[in-house]
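If you want the building blocks of each chain, they are given just below.
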Amino acid sequence: MGKTLVVVTHPKLGSSKINKRWIEELQKHPDAILVHDLHAAYPSFEIDIQKEQKLLEAADKVVLQFPFYWFNCPPFLKKWIDVVLSHGWAYGKNSGYKLAGKKFALAVTAGIKEEDYRDSGRYEYTLEELTRPFEVTFKYIKSDYRPLYAFYGEEHNPTKEAIDHNAKKYIDFIKAL
């Protein structure tokens, strides 16, 4: 499977149902998966850029895991992308494109039901369309962007069985990257 870095960004992880359960499942595979919680690592929101870049360089695959709200990622993840994927390291003239060819994917929890994320649905766009800026970003740095993984309908009180099943499928998703 290779070493996978899962960068978790959730401002209220303690009260999360899905992200917390996903992490529990990920932690059952410590030889293959490194879970990196940005809020735990940087409670002051001051990111150690070199440390983050080393983590990325050491991984074979990278998954950004976060709740999808206001049709975007949490602001701390956006900051992380802005400062860690820096010019001269991740892209740009003479940069070496340190993440070129590395597989990147998103693992997203959405409160809204899947049928609402369709062109015929309530919001008229798919989750894949709404996360297109991530795809463009990872293509820009010459990484290999893979399809996203999602849990839909979190705000509709999913059953424990549905959450557990989805968490196990998340591991399968990571193995297949």
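Residues numbered from 1 in each chain as written. Predicted model: local features only at pLDDT ≥ 70, side-chain atom pairs only at ≥ 80, totals over all residues. Heavy atoms only, no water.

Draft legend 1. Region of interest: the overall build of the protein. Each helix and strand in the protein was counted, giving seven helices and six strands. Secondary structure elements of the protein, listed N to C terminal, follow the sequence β-α-β-α-α-β-α-β-α-α-β-β-α. A compact globule built from 177 residues should have a C-alpha radius of gyration of about 16 Å, and the protein, at 16 Å, falls within 12% of that. C-alpha extents for the protein along the principal axes are approximately 50 × 35 × 35 Å. In the protein, which comprises 177 residues, the proportion classed as buried is 48%. Nonlocal contacts in the protein, meaning residues at least 24 apart in sequence, comprise 76% of its contacts between residues at least 6 apart. Measuring between centres, the 26 positive side-chain charges of the protein sit 4 Å from its 24 negative side-chain charges. (Helix = DSSP H or I, 4+ residues; strand = E, 2+ residues; numbered from the N terminus. Rg over C-alpha atoms; globule rule 2.2 N^0.38 Å. Buried < 20%, exposed > 50% of the residue type's maximum accessible area, 1.4 Å probe, protein only. Contact = heavy atoms within 4.5 Å. Lys, Arg positive; Asp, Glu negative; His and termini not counted. Charge placed at Lys NZ, Arg CZ, Asp CG, Glu CD.)

Draft legend 2. Spotlight on the packing of helix H3 (residues 49-58) against helix H4 (residues 75-84). The geometry of H3 relative to H4 is characterised by a closest axis approach of 10 Å and an angle of 85° between their N-to-C directions. Classified by the interaxial angle, the pair formed by H3 and H4 is roughly perpendicular. Two secondary-structure elements touch here, H3 through Ile 49, Glu 52, Gln 53 and Leu 56 and H4 through Trp 80, Val 83 and Val 84. (Axes fitted to C-alpha atoms, helices over the stretch in contact; angles between N-to-C directions. Parallel < 35°, antiparallel > 145°, perpendicular 65-115°, else oblique.)

Draft legend 3. The nonpolar core, seen in detail. With 35 residues, the main nonpolar core has Leu 56, Leu 64, Phe 66, Trp 80 and Leu 85 as its most contacted residues. Where this core is concerned, the elements lending two or more residues are strand E1 (4-8), strand E3 (61-68), H4, strand E4 (103-110), helix H6 (132-140) and strand E6 (149-152). Here the element with the most residues in this core is H4; it accounts for five residues. The residues contacting Leu 85, other than those within four sequence positions of it, are Leu 56, Trp 80, Ala 90, Tyr 91, Leu 99, Thr 137, Phe 138 and Ile 141. The next biggest cluster of nonpolar side chains, apart from the first, holds 21 residues, and it includes Leu 13, Val 63, Ile 171 and Ile 174. (Core = buried A, V, L, I, M, F, W, Y, C linked by side-chain atoms within 4.5 Å.)

Draft legend 4. Seen up close, a negative patch on the surface. Side chains of Glu 114, Glu 115, Asp 119, Glu 124, Glu 128 and Glu 129 sit close together on the surface and give a patch of like negative charge. The exposure class of Glu 128 is partly exposed, given its relative accessible area of 39%. (Patch = residues over 30% accessible without salt bridge, like charges linked within 9 Å, V, L, I, M, F, W, Y side chains within 5 Å. Areas by Shrake-Rupley, 256 points an atom, 1.4 Å probe, with all protein chains shown as cover. Salt bridge = Lys/Arg side-chain N within 4 Å of Asp/Glu carboxyl O.)

Draft legend 5. Up close: the environment of Gly 111. The topology assignment puts Gly 111 in the loop between E4 and helix H5 (127-130). For Gly 111 and His 156, which are 45 residues apart along the polypeptide, the C-alpha to C-alpha distance reads 7.3 Å. With residues near it in sequence (within four places) discarded, Gly 111 still touches Gly 153, Glu 154, Glu 155 and His 156.

Draft legend 6. Spotlight on the packing of aromatic side chains. Tallying each qualifying case throughout the model produces 14 aromatic pairs. Ring geometry for Tyr 91 against Tyr 140: centres 5.4 Å apart, planes inclined by 55°, an arrangement best described as tilted. Highlighted residues: Tyr 91 in the loop between H4 and E4 and Tyr 140 in helix H6, separated in sequence by 49 residues. The exposure class of Tyr 91 is partly exposed, given its relative accessible area of 22%. Seen in terms of ring centroids, Tyr 149 and Tyr 170 are 5.3 Å apart; in terms of plane orientation they differ by 10°. Their pairing is stacked. Residue Tyr 149 is located in strand E6, and its partner Tyr 170 is located in helix H7 (residues 160-176); the two are separated by 21 residues in the primary sequence. Tyr 170 matches Tyr 149 in its accessibility class, with the two residues each being buried. (Phe/Tyr/Trp six-rings, centres within 6.5 Å; stacked < 30°, edge-to-face > 60°.)

Draft legend 7. Layout of H4. Buried residues of H4: Phe 76, Leu 77, Trp 80, Ile 81 and Val 84, and no others. Angularly, the buried residues of H4 cover 145° about the axis, an arc narrow enough to put them on a single face. Check the buried side of H4 and you find it contacts E1, helix H2 (38-41), H3, E3 and H6. (Arc of directions from axis to C-beta.)

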